[in-house]
Amino acid sequence: MAKGICTLCSGNCGIEVMVEDNKVLSVKGDKEHPISKGFTCPKGRALPEMLYAKDRLSCPMKKDENGNWHEISYEEAIDIIVEKFTYLKENFGSESLAVHTGEAGVRKQFSGHVRRFGQAYGTPNQSSAGSHCHLSKEMANKMTVGVLPSADYKNSKCIVLWGYNPMNSRPSQMMDINKAINNGAKLIVVDPQKTYTAKRADVHLQLRPGTDGALALGLIHIIIEEELYDKDFVEEWTVGFDKLVELVKDYIPEKVEKITDVPKELIVEGARIFANNKPGNISPGIAIELLSNGFQTARAISILQAIMGYIDIIGGATMSPPPPLSSLELENVKYNREPIGKSEYPLFCANYNSAQANIFSDAILEDKPYPLKGMMIIGSNPILTWPNVNKLREALKALDFLVVMDNFMTETAKMADIIIPGTFPIERYEIWNGVDSSGDGIVGLAPKLIESKQGISECKFISDIAKGMGLEEAFPWNSDEEAIGYRFQKIGKTFEEMLNMNYGYKYRTFEEKKYTKNGFNTPSKKVEIYSTTLEKSGYDPLPIYNEPAESPLSTKELAEEYPLVLSTGARYLQYYHSRYRNIESLNGYKSQEEVAKVKINPQIAERKKIKDGDMVKVESLRGSIKLKAEITEDVLPTTALISHGWNDANANELTDNENLDPISGFPPDRALLVKLTSL
Ligand SMILES: Nc1nc2c(c(=O)[nH]1)N[C@H]1C(S)=C(S)[C@@H](COP(=O)(O)OP(=O)(O)OC[C@H]3O[C@@H](n4cnc5c(=O)[nH]c(N)nc54)[C@H](O)[C@@H]3O)O[C@H]1N2
Ligand SMILES: Nc1nc2c(c(=O)[nH]1)N[C@H]1C(S)=C(S)[C@@H](COP(=O)(O)OP(=O)(O)OC[C@H]3O[C@@H](n4cnc5c(=O)[nH]c(N)nc54)[C@H](O)[C@@H]3O)O[C@H]1N2
Ligand code: SF4
Ligand SMILES: [Mo]
């Protein structure tokens, strides 16, 4: 039995893997692991099925002029890619190539290598899943409290899950959440759906999708009016509180009920419970980011938590610096052009030195702001995950050259010129990090447990293209082991030393209220309720609420034809975005045929004469899809919900890449207007 780490998601669960003759027979939880303590989810346990799936890609492939695929050698694939990348650079400039890593690259070594390749090649168009995930709330919190804090559930007295459903998306966190609830902590859930967790909550604020910002201002209003906030903290550690008082003055419960559909009594009760059960914390999920007003919503929620003084304390929202690893970023890189998105979303692009991928289609189809001719996509399936797929499909078709590296023939891979088969976590080394039960920061090395027969290490692939292009100076390492060893230099550890530490290395011990020493990591060293950084860039310095770009209040005429508010993408435990529909134990996990469904309230079903399981058409201004109806009291009569990631009923045919959040450029996947027709 070999010890390893499942890095399929950020849970990084400790696993015990039975390996025989370089073949994985089974995976189970490692009870001795200090963070996950034996927990695994069905996806981790299905790793052997993923590794040996019949449809796993096993050889590089090239598409001919007639659209037929041919297996080619790895060396031939590298030669073609090097030749094409050189051609693009010479004929259209380096910026005509975009390199993108998707969710499969989040916190993985290869995403750093892909960025480094982009920098060495000279393209500013490096992008990641961060174009529609995590970075909007991270940047909003950075500008407000200096860093995105994480909730210390175990010691909390009030946990707020705000558009976050860890039952499905981070199941390993439920151990701590359940422990706190058993110790008497209150639970508040903000979700348009009565999820399993919402049904367990003390207060469920079931709001109209996309109105989270108004709800946050409404909660702040009550907390200020009833003087429940932490006065000493606000006085000493915040700037702009007086302006906040002014901003929330008319967010009275009656008004907030009208906007959000949440009964005013519940808003008042929610605010009081959050303020009176100390310490509390708020976990904002992806739902509040995937909105046309997501950035300011994340700011409002951050401020709500901060004025309670719940920052950087045990049981509150703790601030943990990431492990101090040697950076993979190249220094002093100069580009000929700004990244795509820089003029529209300057703060986002500058903060992350990256492009905003949601508008790549405009660059490809309309040369806006300049032509994008080639793309390399690793660990992402944009055709199922990026907004406004009808346009994106046209754009990817129009590219001169597309390389996709994936484990399966996805809808995106089908559009490529060259496909390279990738690896799975335990077929390569990976760096993981987490926080143990004392709040201490741990960084570790997830071992490679088998040699992949089908896949090529992503880092090796990137390094081989770089070397083919004469960029070896940026990739001086001779192996993945050497490249990973480089990252540990800064903490004074070698690759071998890290490999011998099954449960990682403690790089930081937990300390409360670090801000009392050096202040917060913001320009004023205080919590910036009023942000001068935003003001200087021409944005509202206060966390104002704007109605979603499409909504029954902001676009009344449109709402007459498209009356339902649709939220897309709420997670299911057994899937990961577009992944695992081909994995039997996951797709059949609920022992019933799992297919794409739209959740609607019985009132809508009755009005439209739809029965449970009937096929319906859901239509937005961008497109339409056909799928089964699931009739459930879990959603309000005004709201519909669809998960994403289905080839045959792609929620992103409906989503929008025009009304993006004005600061982050994130797409409004969670609040769109649609109409429903029975078929
Ligand atoms: N099994 C599994 N786990 C995953 C993933 C996966 O695909 N599958 N994806 C991973 C990734 S990349 C991410 S970003 C995280 C996301 O994980 P979470 O942040 O937990 O996101 P979701 O489950 O998509 O949405 C959480 C809740 O938001 C609700 N919601 C929908 N619209 C709104 C709204 O407008 N406002 C509010 N307040 N709530 C709304 C949904 O009903 C849902 O219950 O999960 C990660 N973990
Ligand atoms: N409508 C709607 N759209 C959404 C969302 C939503 O809520 N609603 N959520 C958004 C969010 S938060 C995110 S993060 C994105 C995610 O969007 P993507 O990054 O496109 O996510 P996946 O669909 O998981 O695509 C990952 C691909 O990488 C492959 N893969 C998995 N592991 C590896 C590996 O180790 N190596 C290689 N080479 N390939 C691998 C998988 O087979 C899969 O095809 O989707 C976004 N899209
Ligand atoms: S929660 Fe599941 S997928 Fe995520 S690391 Fe743990 S076992 Fe792997
Ligand atoms: Mo995500």
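Residues numbered from 1 in each chain as written. Chains lettered and ligands numbered in written order. Predicted model: local features only at pLDDT ≥ 70, side-chain atom pairs only at ≥ 80, totals over all residues. Heavy atoms only, no water.

**Things to note about the overall build of the chain**
From N to C terminus, the chain includes 26 helices and 27 strands. Here the chain has a C-alpha radius of gyration of 24 Å; the compact-globule value for 679 residues is 26 Å, and the two agree. In the form shown here, the chain has an accessible surface area of approximately 26,500 Å², with 48% of it arising from carbon and sulfur atoms. Averaging the locations of the 79 positively and 92 negatively charged side chains of the chain gives two centres separated by 3 Å. (Helix = DSSP H or I, 4+ residues; strand = E, 2+ residues; numbered from the N terminus. Rg over C-alpha atoms; globule rule 2.2 N^0.38 Å. Areas by Shrake-Rupley, 256 points an atom, 1.4 Å probe, with all protein chains shown as cover. Lys, Arg positive; Asp, Glu negative; His and termini not counted. Charge placed at Lys NZ, Arg CZ, Asp CG, Glu CD.)

**Looking at the side chain of Asp-656**
With respect to the helices, strands and loops of the structure, Asp-656 is situated in the loop between strand E26 (639–642) and strand E27 (672–678). A polar contact is formed between the side chain of Asp-656 and the backbone nitrogen of Glu-658, at a distance of 2.7 Å. Within polar-contact distance, the side chain of Asp-656 engages the side chain of Asn-659 at 2.8 Å. Ignoring anything within four residues of it in the chain, the contact list for Asp-656 reads Pro-387, Asn-388, Glu-550, Arg-622, Pro-667, Pro-668 and Leu-672. (Polar contact = N/O pair within 3.5 Å; in protein donor to acceptor, adjacent residues only side chain to side chain. Contact = heavy atoms within 4.5 Å.)

**A short note on the sheet that holds strand E1 (residues 2–6)**
One open sheet accounts for three strands, arranged E1-E2-E3; its pairing is antiparallel. Two strands bound the open sheet, and with one partner strand each, they are E1 and strand E3 (23–29). Going from strand to strand, the sheet's axes swing by 40 degrees on average, the running direction of each strand aside. Inspection of the sheet shows E1 paired to strand E2 (residues 13–20) by five bridges, in the antiparallel sense. Bridge assignment links Lys-3 to a residue of E2, and that residue is Glu-16. (Pairing = 2+ DSSP bridges. Axes fitted to C-alpha atoms, helices over the stretch in contact; angles between N-to-C directions.)

**Description of the environment of Ser-127**
By the element assignment, Ser-127 lies in strand E7 (residues 126–128). Residue Ser-127 is classed as buried on the basis of its relative accessible area of 7%. For the pair formed by Ser-127 and Ala-357, sequence separation is 230 residues and the distance between their alpha carbons is 6.1 Å. Among residues more than four places away in sequence, those in contact with Ser-127 are Val-99, His-100, Thr-101, Ala-355, Ala-357 and Phe-360. Side-chain polar atoms of Ser-127 contact the side chain of His-100, separated by 2.9 Å. (Buried < 20%, exposed > 50% of the residue type's maximum accessible area, 1.4 Å probe, protein only.)

**Structural notes on the environment of Lys-278**
Within the fold, Lys-278 resides in the loop between helix H13 (264–276) and strand E13 (280–284). Accessibility expressed as a relative area gives 49% for Lys-278, which makes it partly exposed. With near-sequence residues (within four places) excluded, Lys-278 lies in contact with Lys-157, Met-308 and Tyr-310.

**So, H13**
For H13, built from 13 residues, the straight-helix expectation of 18 Å at 1.5 Å per residue is met to within 8% by its first-to-last C-alpha distance of 18 Å. Listed in full, the buried residues belonging to H13 are Ile-267, Val-268, Gly-270, Ala-271, Ile-273, Phe-274 and Ala-275. (Expected span 1.5 Å × (residues − 1).)

**Focus: the pairing of E13**
With five of its five residues buried, E13 lies for the most part within the structure. Here E13 shows a buried face lined by Gly-280, Ile-282 and Pro-284 and a second buried face lined by Asn-281 and Ser-283.

**Description of the site of ligand 1**
Taken together, 32 residues are adjacent to ligand 1, and Ser-169, Asp-191, Asp-212, Tyr-575 and Arg-670 come closest. With respect to ligand 1, the side chain of Asp-191 contributes an N or O atom lying 2.5 Å from an oxygen atom. At 2.9 Å, a backbone N or O of Gly-210 approaches an oxygen atom of ligand 1. Expressed as a share of its isolated accessible area of 920 Å², the protein-covered part of ligand 1 is 95%. Partitioned by chemical class, the residues of the shell around ligand 1 number 15 nonpolar, eleven polar and six charged. (Near = heavy atom within 4 Å. Nonpolar A, V, L, I, M, F, W, Y, C, P; charged D, E, K, R; others polar.)

**Quick notes on a negative patch on the surface**
On the surface, Glu-75, Glu-76, Asp-79 and Glu-83 cluster together into a negatively charged patch. If you trace the backbone, Asp-79 turns up in helix H3 (residues 74–92). (Patch = residues over 30% accessible without salt bridge, like charges linked within 9 Å, V, L, I, M, F, W, Y side chains within 5 Å. Salt bridge = Lys/Arg side-chain N within 4 Å of Asp/Glu carboxyl O.)

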